[in-house]
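# Commentary on secondary and tertiary structure
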Amino acid sequence: SSEYPTLREIEEAPPTAELRPNASSVGKEHSQLDEEEMGMSYDELSWYGTLRKVWNCGPVSMYTHLLQRWKKQHTPKIIAEKVQRFF
């Protein structure tokens, strides 16, 4: 992709839906990044999907698993809010 700078730019761009105009008001940018729109990162979404579909977790068991996995980076309350948002 070094031969094609435009392709490199596309490859490095963060995912976005691009469904709305980019400016929500005059002179103000509106972020349309997928992770911001969803309220969760793709890494988190991957964990939710694995726990839900592979391990057949519901909200309580998912919270319990994620509490052990994410306890160093999030408080129990934040983890609970993330799981609730997913369901």
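Counting restarts for each chain: residues are numbered from 1 in the order of the written sequence. Confidence filtering applies because this is a predicted model: local features only for residues at pLDDT of at least 70, side-chain atom pairs given and counted only at 80 or more, and all residues used for totals across whole chains, interfaces and linings. Calculation of side-chain values draws on the structure's entire complement of heavy atoms; hydrogens and water are dropped beforehand.

For any pair of aromatic rings, geometry is given as the distance between the ring centres together with the angle between the planes. Two aromatic rings, drawn from Phe, Tyr or Trp (for Trp, its six-membered ring), form a pair once their centres lie within 6.5 Å of each other, and the interplanar angle then sorts them: stacked below 30 degrees, edge-to-face above 60, tilted otherwise. The final tally for this structure, using the stated rule, is three aromatic pairs. A ring pair is formed by F86 and F87, whose centres lie 5.1 Å apart and whose planes are at 85°; its orientation type is edge-to-face. Here the term buried applies to any residue with accessible area under 20% of the maximum for its type, exposed to any over 50%, and partly exposed to those in between, with areas from a 1.4 Å probe on protein chains only. Of the residues examined, F87 reaches a relative accessible area of 41% and is grouped as partly exposed. Three or more aromatic residues joined by ring pairs form one cluster here, namely Y48, W70, F86 and F87.

Quick look at the pattern of salt bridges now. For salt bridges, the criterion is a side-chain nitrogen of Lys or Arg within 4 Å of an Asp or Glu carboxyl oxygen. Inspection of the entire model under this criterion finds one salt bridge. E44 is paired through a salt bridge with K82; the nearest N and O atoms lie 2.8 Å apart. Of this pair, E44 sits in helix α3 (residues 42–54) while K82 sits in helix α5 (residues 76–86), and the two are 38 residues apart along the sequence. In terms of burial, E44 and K82 fall into one category: buried. By the criteria applied, helices consist of DSSP H or I runs no shorter than four residues and strands consist of E runs no shorter than two, each listed in order from the N terminus.

Here we come to the confidence of the model for the protein chain. Interpretation of this model should avoid reading the predicted coordinates in detail wherever pLDDT is low. Scored from 0 to 100, pLDDT reflects the predictor's confidence in each residue. Mean pLDDT over the protein chain: 83, with 77% of residues reaching 70 or higher. Per-element confidence in the protein chain is highest for helix α4 (residues 59–70), whose mean pLDDT is 97, and lowest for strand β1 (residues 23–25), whose mean pLDDT is 49.

Moving on to α3. Over its 13 residues, α3 extends 17 Å from the first C-alpha to the last, a length consistent with the 18 Å expected when each residue adds 1.5 Å. Of all the positions in α3, only E44, Y48 and L51 are classed as buried. In an axial view of α3, the angular spread of the buried residues amounts to 70°, which keeps them on one side of the axis. Facing away from the buried surface of α3 by more than 90 degrees, the exposed residues are D43, K53 and V54. Any two residues having at least one pair of non-hydrogen atoms within 4.5 Å are treated as being in contact. At its buried positions, α3 is contacted by α4 and α5. A helix is expected to reach a length of 1.5 Å times the quantity of its residues less one. For this quantity, the arc is that covered by the directions from the helix axis to the C-beta atoms.

Bringing the packing of α3 against α5 into the picture now. Two elements in contact, α3 and α5, have axes separated by 11 Å at closest approach and are oriented at 70°. As the angle between them shows, α3 and α5 are arranged roughly perpendicular. In this structure, the crossing between α3 and α5 has a hand that is right-handed. Residues E44, L45, Y48 and R52 of α3 form the contact with α5, whose own contacting residues are K82, V83 and F86. Partitioning the contact of α3 with α5 into residue classes produces four nonpolar, no polar and three charged. Fitted lines through C-alpha atoms serve as axes, helices being fitted only where they are in contact, and the angles separating the N-to-C directions of these axes extend from 0 to 180 degrees. Oblique is the label for any angle not covered by the other classes, which are roughly parallel (under 35 degrees), roughly antiparallel (over 145) and roughly perpendicular (65 to 115). Take the far helix as the reference: if the near one is turned anticlockwise from it by less than a right angle, the crossing is left-handed, and if turned clockwise, right-handed. Three residue categories are used. Nonpolar comprises Ala, Val, Leu, Ile, Met, Phe, Trp, Tyr, Cys and Pro, charged comprises Asp, Glu, Lys and Arg, and polar comprises the others, including Gly.

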